[in-house]
Amino acid sequence: MAKKLSILGSTGSIGKQTLDVVAAHPEQFQVTALAAGSQIEVLSKQIEKFRPSLVSVATAELAKEVQARFGHALQVEYGESGLQQVASAADAELVVTAVVGTLGLRPTMAAVLAGKEIALANKETLVAAGHLITDLARRKGVRILPVDSEHSAIFQCIHGESCKQVARILLTASGGAFRDKTRDEMQQASLADALAHPNWSMGAKITIDSATLMNKGLEVIEAHWLFDLPYEQIEVLIHPQSIVHSLVEFQDRSVLAQLGTPDMRIPIQYALAYPERLEANWPRLDLLSVGTLTFNKPDLTRFPILGLAFQAGKAGGSVPAVLNAANEMAVSLFLDGKIGFLDIERTLVSVLEQHAPVSHPSLDEILALDQWARETAKREIAG
């Protein structure tokens, strides 16, 4: 019987690739609900192909447009309420959370409260509220399956093993668009330069985060919550080929790694089908053509944001949420051409210096601090 899916962020990069997996295995998966933003033409094609019974869009006006196209046989919702309805859709068994940013926080919590299995592609949820989400998931008996390639790799390596026997995990990073650039070159870099990721096809925000190494910093914090490991047991390696997606070292010094082509459909399919493995029609990994696999220590002088993320994670409480929100605003301003690339890190440092940490913030406190951090980051730029 086909597994029924709700997909949050269906018109984004991960959402589209999730639907590619669904289309490749129509006997295995059925789409019951989709949530999108404002890309109505893309969403309309998805509705026509996958026939969900419920969709959500960004605004009431867009909801009226979709309703007019598809009639009242399709339930159309909008806004935050709509996202939460898609996340907790009655007949969904697994919810793919692929929206970007803290927008995914409330709907992910709604899905957990509804007892849905989670395929998590929204790292900001655990970064901002890992203590709340993981505690709620434990109490509800809900499994969180990682979709990020690095966390999927770790999840696959420890499958059948005891987490207590893990000595450390090593998250690999491509190094992003500027992995071989100097600080002076980054200072002069254009938006097009920063978006030119050498290995992966991703959305704009995550591509910029890859260029600053913030994406890896967020993944470090996410790994802390997903695998219940202290930060002292989490390391980062620069691996330009993006073939080894992460490694796990056990107490006996044995090291397991998961390898694959840099294709997000691989970890997406693993999460959707878990614990089964399905056939795939994308290219096989050819190590002979890859030739060489190299690893380097991240340069925190050139990329200080990675060190900043480690510090925020160790500080805990509200600090990671503030770091994440300030970063979202700074990246947005960079994408809009209002600041330079290195202004992103300067903004983050300034916002964190002004933050008064809260040790165990509630959801409302997290969201309030999220807003404060965004406004503070914006003022920093304006000032």
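Look up: the structure comes first, before these words.
A brief structural summary.

Scoring rules and cut-offs
Residues numbered from 1 in each chain as written. Predicted model: local features only at pLDDT ≥ 70, side-chain atom pairs only at ≥ 80, totals over all residues. Heavy atoms only, no water. Pairing = 2+ DSSP bridges. Helix = DSSP H or I, 4+ residues; strand = E, 2+ residues; numbered from the N terminus. Axes fitted to C-alpha atoms, helices over the stretch in contact; angles between N-to-C directions. Contact = heavy atoms within 4.5 Å. Salt bridge = Lys/Arg side-chain N within 4 Å of Asp/Glu carboxyl O. Buried < 20%, exposed > 50% of the residue type's maximum accessible area, 1.4 Å probe, protein only.

**Observations concerning the sheet that holds strand S1 (residues 3-8)**
As summarised here, the arrangement of the seven strands in space is S4-S3-S2-S1-S5-S6-S7, forming an open sheet in which the pairing is parallel. The sheet is open, and its two edges are formed by strand S4 (75-78) and strand S7 (144-146), each paired on a single side. Looking at each pair of strands side by side, their axes are set apart by 25° on average, direction ignored. Of the pairings in the sheet, the one linking strand S2 (residues 29-35) to strand S3 (residues 54-57) comprises three bridges and is parallel in character. Across the sheet, the residue bridging to Leu34 is Val55, located in S3. Docked against the sheet, helix H3 (residues 60-70) engages S3 and S4, running at close to 165° with respect to S4.

**Describing the pattern of salt bridges**
Per the counting criterion, the structure on display carries 20 salt bridges. The salt bridge involving Lys205 is made with Glu124; its shortest N-O contact spans 3.3 Å. Of this pair, Lys205 sits in helix H10 (residues 204-212) while Glu124 sits in helix H6 (residues 123-140), and the two are 81 residues apart along the sequence. For the pair formed by Lys205 and Glu124, the shared burial category is buried.

**Quick word on the sheet that holds strand S10 (residues 244-250)**
Ordered in space as S9-S8-S10-S11, the four strands form an open sheet in which the pairing is mixed. Looking at the sheet topology across the chains shown, the edges are occupied by strand S9 (234-238) and strand S11 (255-259). The sheet shows a mean angle of 20° between the axes of neighbouring strands, direction not considered. In this fold helix H7 (residues 149-157) packs onto strand S8 (166-173), S10 and S11, with an angle of close to 40° to the strand it touches most, S10. In the packing of helix H11 (residues 214-227) onto the sheet, the strands contacted are S8 and S9, and the crossing angle to S8 comes to about 150°.

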